[in-house]
Amino acid sequence: MLQDLYALHMDKHTAAASKNKMKGSQGQFPLTQNVTVVEGGTAILTCRVDQNDNTSLQWSNPAQQTLYFDDKKALRDNRIELVRASWHELSISVSDVSLSDEGQYTCSLFTMPVKTSKAYLTVLGVPEKPQISGFSSPVMEGDLMQLTCKTSGSKPAADIRWFKNDKEIKDVKYLKEEDANRKTFTVSSTLDFRVDRSDDGVAVICRVDHESLNATPQVAMQVLEIHYTPSVKIIPSTPFPQEGQPLILTCESKGKPLPEPVLWTKDGGELPDPDRMVVSGRELNILFLNKTDNGTYRCEATNTIGQSSAEYVLIVHDVPNTLLPTTIIPSLTTATVTTTVAITTSPTTSATTTSVRDPNALAGQTGPDHALIGGIVAVVVFVTLCSIFLLGRYLARHKGTYLTNEAKGAEDAPDADTAIINAEGSQVNAEEKKEYFI
């Protein structure tokens, strides 16, 4: 059939070729490009000619079988279809591509001589979904675990990566083997690590990266189950337990399998006062603390793997003896100040000042009121000063009267001797008057 198509083409263009003597044919070149497609996908093969004087184009497969000659299908294969046919372009499609379709395809331009261009079709083998093996549940804390991840059918060979807690693990083993078809590969990777209690519930992920997956890797996940002995911690309800107050001690225990109900002891023996020391689940509730509760309390948790315990030393503190601040409202009090002054006609005088405090002034008060005391002291000082001032004025005035009388005696005398005698007489008379008065 290829010969018939070629003969038809040559008959059609023999005259034109003879007239032009292939002038301009030197500028005609078919242009193609390589194609990569995922297995099961569709490949588009395109051949273009910038300058073409009605010369035919043809696509042929790696086995040199003609697929299309211009717009005429030459090979009976339902997967092969015509996309576009013109003097400048011939495009065909190959659907449901398999690995056997991979190879070099040829576009031919039937000039004299025939010009060709090659296009290589690469078919990518999609890796199968990976599988993780080697895990047996449960695993005891401290055991060495070996996990293997495997995937087949990749072309080229796929890449396997391990992740744990979203962190990539680099130290792994990698093995690549060629499949029976000698075109694809089986890839496996082994991860070795020693487990601890922090690995319980952790997801270990095997990720397969390959260019055929369009940046969406395939993953396999294994959730770890680790068994370990309990861990125990005692948490008090208050950091400063005081006498008379309640106290709750919580025994926080974690383990796998879940620990059995905890056991509470004090100073190596049973709880001494079951009426005040009530155990509820993992809590020890001491209703009213007193000094006899001082001691070491122990919480013990057990599961099928082992046993663990924690201790708490209880020291009951005294209740601080602090007086609450009080507000004192002073009662209505009075302060009486009495001043007594005795005046006589004699030259000597006496003054007595007496300050009397109300005995009921501070009655009923539980503590000193500094403001009230200060007020009373101020009043006493003020009255005292006033008394001193009045007494001073009285003494000054009395002395002035005495001197005036003495001066009068001197004025009545005709001479100095008589004035002295009169002055003395006045004093004598005054003394006599004083004695007579008495």
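Since we're looking at a predicted model, the values are computed, not measured.

Cut-offs and rules
- Residues numbered from 1 in each chain as written.
- Predicted model: local features only at pLDDT ≥ 70, side-chain atom pairs only at ≥ 80, totals over all residues.
- Heavy atoms only, no water.
- Helix = DSSP H or I, 4+ residues; strand = E, 2+ residues; numbered from the N terminus.
- Contact = heavy atoms within 4.5 Å.
- Polar contact = N/O pair within 3.5 Å; in protein donor to acceptor, adjacent residues only side chain to side chain.
- Pairing = 2+ DSSP bridges.
- Core = buried A, V, L, I, M, F, W, Y, C linked by side-chain atoms within 4.5 Å.
- Buried < 20%, exposed > 50% of the residue type's maximum accessible area, 1.4 Å probe, protein only.
- pLDDT = per-residue confidence, 0-100.

1. Re the environment of Gln-146
Then step 1. Mapped onto the secondary structure, Gln-146 falls in strand 13 (residues 144–154).
Then step 2. Between the alpha carbons of Gln-146 and Gly-134 there is a distance of 6.0 Å; along the sequence they are twelve residues apart.
Then step 3. Apart from residues no more than four positions distant in its own chain, Gln-146 is found in contact with Ser-133, Gly-134, Thr-190, Leu-191 and Asp-192.
Then step 4. Of the polar contacts made by the side chain of Gln-146, one reaches the side chain of Asp-192; its length is 3.0 Å.

2. Some details on the pairing of strand 10 (residues 115–124)
Then step 1. Relative to strand 10, strand 2 (residues 35–38) runs parallel, the two being bridged by four bridges. Considered in strand 10, the bridge of Thr-36 is made with Thr-122.
Then step 2. Pairing geometry for strand 9 (residues 103–109) and strand 10, over seven bridges, is antiparallel. Within the sheet, the bridge partner assigned to Tyr-105 lies in strand 10 and is Ala-119.
Then step 3. Where strand 9 folds back onto strand 10 in an antiparallel hairpin, the turn is made up of five residues.

3. Considerations on the nonpolar core
Considering soluble globular proteins, one finds that nonpolar side chains tend to be buried as a cluster.
Then step 1. In terms of nonpolar packing, the biggest core is built from 22 residues, with Leu-57, Trp-59, Ile-92 and Leu-121 touching the most fellow members.
Then step 2. In terms of residue count, strand 3 (residues 43–49) provides more of this core than any other element does, four residues in total.
Then step 3. Counting 19 residues, the second-largest nonpolar core is a separate cluster that includes Leu-247, Trp-264, Met-277 and Ala-310.

4. Observations concerning the sheet that holds strand 8 (residues 89–94)
Then step 1. As summarised here, the arrangement of the four strands in space is 1-3-8-7, forming an open sheet in which the pairing is antiparallel. Since the sheet does not close on itself, it has two edges, and those belong to strand 1 (30–31) and strand 7 (80–85), each with one partner.
Then step 2. Taken together, the five bridges between strand 7 and strand 8 define a ladder with antiparallel strand orientation. Paired with Ile-80 across the bridge in strand 8 is Val-94.

5. Concerning the confidence of the model for the protein
Then step 1. Of all residues in the protein, 73% have pLDDT values of 70 or greater, and the mean over the chain is 80.
Then step 2. A low-confidence stretch, residues 326–367 stays under pLDDT 50, and its non-local contacts, those more than four residues away or across chains, total 42 contacts.

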